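# Residue-level structural notes
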Number of protein chains: 2
Amino acid sequence: MRVLHATPLTAAGFAAYGDVIAADPGTRVPMNDGRFARFDALSRVEGGAARIGIVRALQATALPYEIDRLERHPGGSQAFVPLSPLVFVVAVAAPGDGFDPGDIVAFVSNGRQGVTYRAGTWHMPLIALEAGQEFLVIDQGSTQATDTRRLDEPVQLAGLD
Amino acid sequence: MRVLHATPLTAAGFAAYGDVIAADPGTRVPMNDGRFARFDALSRVEGGAARIGIVRALQATALPYEIDRLERHPGGSQAFVPLSPLVFVVAVAAPGDGFDPGDIVAFVSNGRQGVTYRAGTWHMPLIALEAGQEFLVIDQGSTQATDTRRLDEPVQLAGLD
């Protein structure tokens, strides 16, 4: 079974899949008479009828973990921003009609970085390493179009170093 | 000078101005084979070209505080979701061409509740009670249209009880 090791999430590394949502000094602009710094337009919301929701992990998922499917939302982007400063892992493949299992890559967020999957980006369904972990979600809501593709052979997401 | 006392933020109380973003049992749906609870569609994103950014308070603002202006974004909604569990206060007036200073009301978030100002809702520019407080912002970005209206006489936002 192929073993996938997550690497630290960076904007450059994740660019083919979407955006990293983190206070980026390069986007910093003053706001409200200088009382705030605004880190502006870190990510775009794609697709119509975007909604804001919250997801909460009811159970922890342990690593290593067998990835048996990826899914995508062709009609819009999907952002997950941690509301608790806990690391989390994502596995993705670039947008397209399908993907080669060998193209799946994994990233680990430091718990202060959110991610936006661009419309069509293939991704492992969300897992949480701790129960109770919460994320803000910006997407078209739970009724959005979703394509799911099962892997012929699972890929193992390795434990974090 | 009129003194404004903030009341606890509730969905019903805030309905004329926008949405409260908080895990609401009434919207709970299962997700990802029951590993997560999803609190779905807590808020709508209005207007086109929505962006996701972060704002960080560089300085604390003390209460009582004199509100000398409100602003609105006629082209889209604006959501603030706390990334640190710190209380914050908002002051708002209902959407419309203008507002009567007597119609301004204030709400205090418990630090786990976010708010969405509906397109056109008049609101006090964001203040933070602690330096370093961060919010996720979902709106049309810092270049969005903004109308500002100064008050003939300031309104005092009282300290929290």
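Above this text sits the structure in question.
Here the structure is a predicted model, which means the values were calculated and not measured.

If you look at the biggest cluster of nonpolar residues, it comprises 24 residues, and the most contacted ones within it are Leu136(A), Ile138(A), Leu136(B) and Ile138(B). Setting aside its immediate chain neighbours within four residues, Leu136(B) contacts Ile21(A), Val81(A), Leu136(A), Ile138(A), Ile52(B), Gly53(B), Ile54(B), Ala79(B), Phe80(B), Val81(B) and Leu83(B).

By a simple turn and slide, chain A fits onto chain B: the slide is 0.0 Å along the axis, the RMSD is 0.0 Å, and the turn is 180°. Put plainly, the chains are arranged around a two-fold axis. Within chain A, Leu83(A) has its C-alpha nearest the rotation axis, a separation of 3.0 Å. A shared binding surface is used by both copies, with 100% of the interface residues of chain A retained as interface residues in chain B.

The subject of this paragraph is the sheet that holds strand β11 (residues 114-117) of chain A. An order of β3(A)-β11(A)-β8(A)-β13(A)-β6(A)-β5(B)-β4(B) is seen for the 7 strands of this open sheet, with the pairing classed as antiparallel. Two strands bound the open sheet, and with one partner strand each, they are β3 (18-21) of chain A together with β4 (28-31) of chain B. When strand polarity is set aside, the average angle formed by the axes of neighbouring strands in this sheet is 25°. In the sheet, β4(B) pairs with strand β5 (residues 36-44) of chain B via 4 bridges, with the strands oriented antiparallel. Paired with Arg28(B) across the two strands is Phe39(B), which belongs to β5(B).

Moving on, we come to the interface of chain A and chain B. With 51 residues of chain A at the contact, the number on the chain B side is 51 residues. Buried surface at the junction of chain A and chain B, both sides included, amounts to about 4,200 Å², of which 57% is carbon and sulfur. Where chain A meets chain B, there are 6 salt bridges. Across the salt bridge formed by Glu134(B) and Arg112(A), the nearest N and O atoms sit 3.3 Å from each other. Run the count over chain A and chain B and you get 23 residue pairs in polar contact (both at pLDDT 80 or more). For the side of chain A that touches chain B, the secondary structure elements donating two or more residues are β4 (28-31), β5 (36-44), β6 (51-57), β7 (65-72), β8 (78-82) and β13 (134-139) of chain A. For the side of chain A that touches chain B, the element with the most residues is β5(A), which contributes 9 residues. Of the residues contributing to the side of chain A that touches chain B, the split by class is 29 nonpolar, 10 polar and 12 charged.

Cut-offs used in this document
Residues numbered from 1 in each chain as written. Chains lettered and ligands numbered in written order. Predicted model: local features only at pLDDT ≥ 70, side-chain atom pairs only at ≥ 80, totals over all residues. Heavy atoms only, no water. Core = buried A, V, L, I, M, F, W, Y, C linked by side-chain atoms within 4.5 Å. Buried < 20%, exposed > 50% of the residue type's maximum accessible area, 1.4 Å probe, protein only. Contact = heavy atoms within 4.5 Å. Least-squares fit on C-alpha atoms with pLDDT ≥ 70 in both. Pairing = 2+ DSSP bridges. Helix = DSSP H or I, 4+ residues; strand = E, 2+ residues; numbered from the N terminus. Axes fitted to C-alpha atoms, helices over the stretch in contact; angles between N-to-C directions. Buried area = accessible area lost by both parts, 1.4 Å probe. Salt bridge = Lys/Arg side-chain N within 4 Å of Asp/Glu carboxyl O. Polar contact = N/O pair within 3.5 Å; in protein donor to acceptor, adjacent residues only side chain to side chain. Nonpolar A, V, L, I, M, F, W, Y, C, P; charged D, E, K, R; others polar.

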